[in-house]
Amino acid sequence: MAIAWLAVVPLGFLVYTTFVVDGSPSLSNVSAAFGADASMLWTLTANTMTYAVGATVLALIIATPMAYLAARTDVPFRPLLFVSALAPLVIPGVLHTIAWIFLGADRSGWLNELTELMFGIRPFNVRSMEGMIFVEATNQIPLLFLLMYAAFRSADPSLEEAALTTGARLPTVIRRVSLPLVKPSLFAGVLIMIVLAMESFEGPSLLGLPAGIQVFTSRIFQLLRTYPIEYGQAGAFALVLLALTAIGVFAYSRLGKGTAAFETVSGKAFRARRHQLGKLRVPMGAAIVVLFVVSTVLPVGVLVLMSFQPYPSVPTMGSFTLDNYRYVFGNPRVLDALGNSLMLSIGAATIIMSMMTVAAWLVLRSRHPGAWALDGVSFLPIAIPGVVMGAALLIVYLRLPVPIYGTLWILLIAYCTRYMPYGMRYASAGLRQINGELEEAAFASGASRMRTLRSVVLPLMAPSFAAGWIFIVMSAIRELSSSILLYSPGGEVLGPLIWDMWDTGLATELSAAGVVMMVLLGILALFAKLVADYFGVKESKDNHVG
């Protein structure tokens, strides 16, 4: 019942608000939202798809070669490559976008100041469609890199080696052999990236709106942040965006049913030999250094430098100050937001993993005829963009006589709803690895279901439980698109607080707050690695894969 309430009720209220006016069915909200000639609908759809596809293609062009180099070749600076690919994980989307505004704004960007000084030109402008695509692509590279790296590591390299022995050049082998072997992972990465880009909120709002470029997420945000609030029109746009993301999620689910033809990993062990790059080592090493500078040094460096400035400007000798950090650690609002973020993320992760562990057990072990529906309902929020989720929950708890709007409880509900599908995937994956005979033995010895779950299943699921818990904690701390619509003054969390500081012109102060936030996420990432090392199986020195 709780899972159904979290997943289904917000969407039901969203549909009702969109198509029911004064108690009667009506299309007036749809007409008002899209206009008589439907030009708004086509403009938003075109902008959204251009943005999503463009960011996906750019990320694919960067991440796939980097993943292949890391997994299959003797490329230099491999540790630097992993840092370059994974650094954006500890830079929340709102901070990543603001960092590139500091760097690439057409009038005040630091890179433009530098190029004008050196060459007399100002070539960068992140407040454009091209800038939006670039920022989104660099923010999503880690996901695609990890997916493709795992695919290249798992594929049997003997087919590539056979092609090389026949005299084929390495670029030809990559195009004709390596990429076809990982085609399912490649297609999955493309679909996931397109869905995530369509759901993206920070770039379209901070970069697109000032340039007059609207996508669905930024349009919904505008309608819900103006007076009077247009709930019905926002619902109309939200349902169109929901339909687009649902198509992507459905395509991804169908893709998973046809991957058997690409299986190359069997019970026979193989050794993944790294290809020698030869003369390509130097240019590939240089490319890794460039990627490291663009993905890590520039965005992190500009935030760190800005956090020591008395006002937003290119740093000069003698201009450094610690006042921004004094502001952060001496401001109760910032400290409260930090505490709220930690409390909500830890609470949401604990609730989700506890609920989903029980739900996964019911789905995989129970013989109840409706168990399959539980899995489907828990997965439903994966297709709901964050801004749509925020809009739906806003409508629900403004209409129901439940006094949680304006409190932290509504944020907790939003986090639990949004990250429930991920908790279910982690719990299901862990439970599938446990043979049901262990539970049957416990039942035969007289243990109850609850005792079996507590004493047998949960200890064996500890690695999956811990991995899911850490993923949800890190994701919830970074969350903005839902909470920006649901928070209230005095009950901020870090994402909306940084957004509000940007709105009020506190650029240097938000930079200091952002640095503190990145340090916190870095500590959590280190903790995640320690947990993975503790529960995981150490990789053998000879790098065998079975």
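Look above for the structure.
Residues numbered from 1 in each chain as written. Predicted model: local features only at pLDDT ≥ 70, side-chain atom pairs only at ≥ 80, totals over all residues. Heavy atoms only, no water.

A. Structural detail: the environment of Leu 60. When you line up the elements, Leu 60 lands in helix 3 (residues 39–72). Since its relative accessible area comes to 22%, Leu 60 is described here as partly exposed. Along the backbone, Leu 60 and Phe 145 are 85 residues apart, and their C-alpha atoms lie at a distance of 8.6 Å. Once residues lying within four places of it in the same chain are set aside, the contact partners of Leu 60 are Pro 65, Leu 144, Leu 186 and Val 190. (Helix = DSSP H or I, 4+ residues; strand = E, 2+ residues; numbered from the N terminus. Buried < 20%, exposed > 50% of the residue type's maximum accessible area, 1.4 Å probe, protein only. Contact = heavy atoms within 4.5 Å.)

B. Summary view of the side chain of Ser 205. Looking at the element boundaries, Ser 205 is found in helix 11 (residues 202–208). Relative accessible area serves as the criterion here: at 7%, Ser 205 is assigned to the buried category. Of the polar contacts made by the side chain of Ser 205, one reaches the backbone oxygen of Phe 201; its length is 3.0 Å. Look past the residues within four positions of Ser 205 in its chain and what remains in contact with it is Pro 210, Ser 218, Phe 221 and Trp 499. (Polar contact = N/O pair within 3.5 Å; in protein donor to acceptor, adjacent residues only side chain to side chain.)

C. Up close: the nonpolar core. Ranked by internal contacts, the top residues of the largest apolar core, which has 146 residues, are Phe 145 and Ile 220. Per-element tally for this core: the top contributor is helix 3, with 13 residues. For Phe 145, the contacting residues outside a window of four places in its chain are Ala 63, Met 66, Ala 67, Ala 70, Leu 81, Phe 82 and Ala 85. (Core = buried A, V, L, I, M, F, W, Y, C linked by side-chain atoms within 4.5 Å.)

D. View of the side chain of Thr 217. Positionally, Thr 217 belongs in helix 12 (residues 216–224). What Thr 217 contacts, discounting residues up to four positions off in sequence, is Met 198, Glu 199, Ser 200, Phe 201, Pro 204, Leu 241 and Val 387.

E. Examining helix 12 more closely. In terms of burial, helix 12 is a largely internal element, 8 of the 9 residues being buried. Of all the positions in helix 12, only Phe 216, Thr 217, Ser 218, Arg 219, Ile 220, Phe 221, Leu 223 and Leu 224 are classed as buried.

F. Molecular detail of a nonpolar patch on the surface. Nonpolar side chains collect at one region of the surface, where Leu 114, Leu 117, Met 118, Phe 119 and Ile 121 lie side by side and expose about 580 Å² of accessible area between them. For Leu 114, the location among the structural elements is in helix 6 (residues 110–119). (Patch = residues over 30% accessible without salt bridge, like charges linked within 9 Å, V, L, I, M, F, W, Y side chains within 5 Å. Areas by Shrake-Rupley, 256 points an atom, 1.4 Å probe, with all protein chains shown as cover. Salt bridge = Lys/Arg side-chain N within 4 Å of Asp/Glu carboxyl O.)

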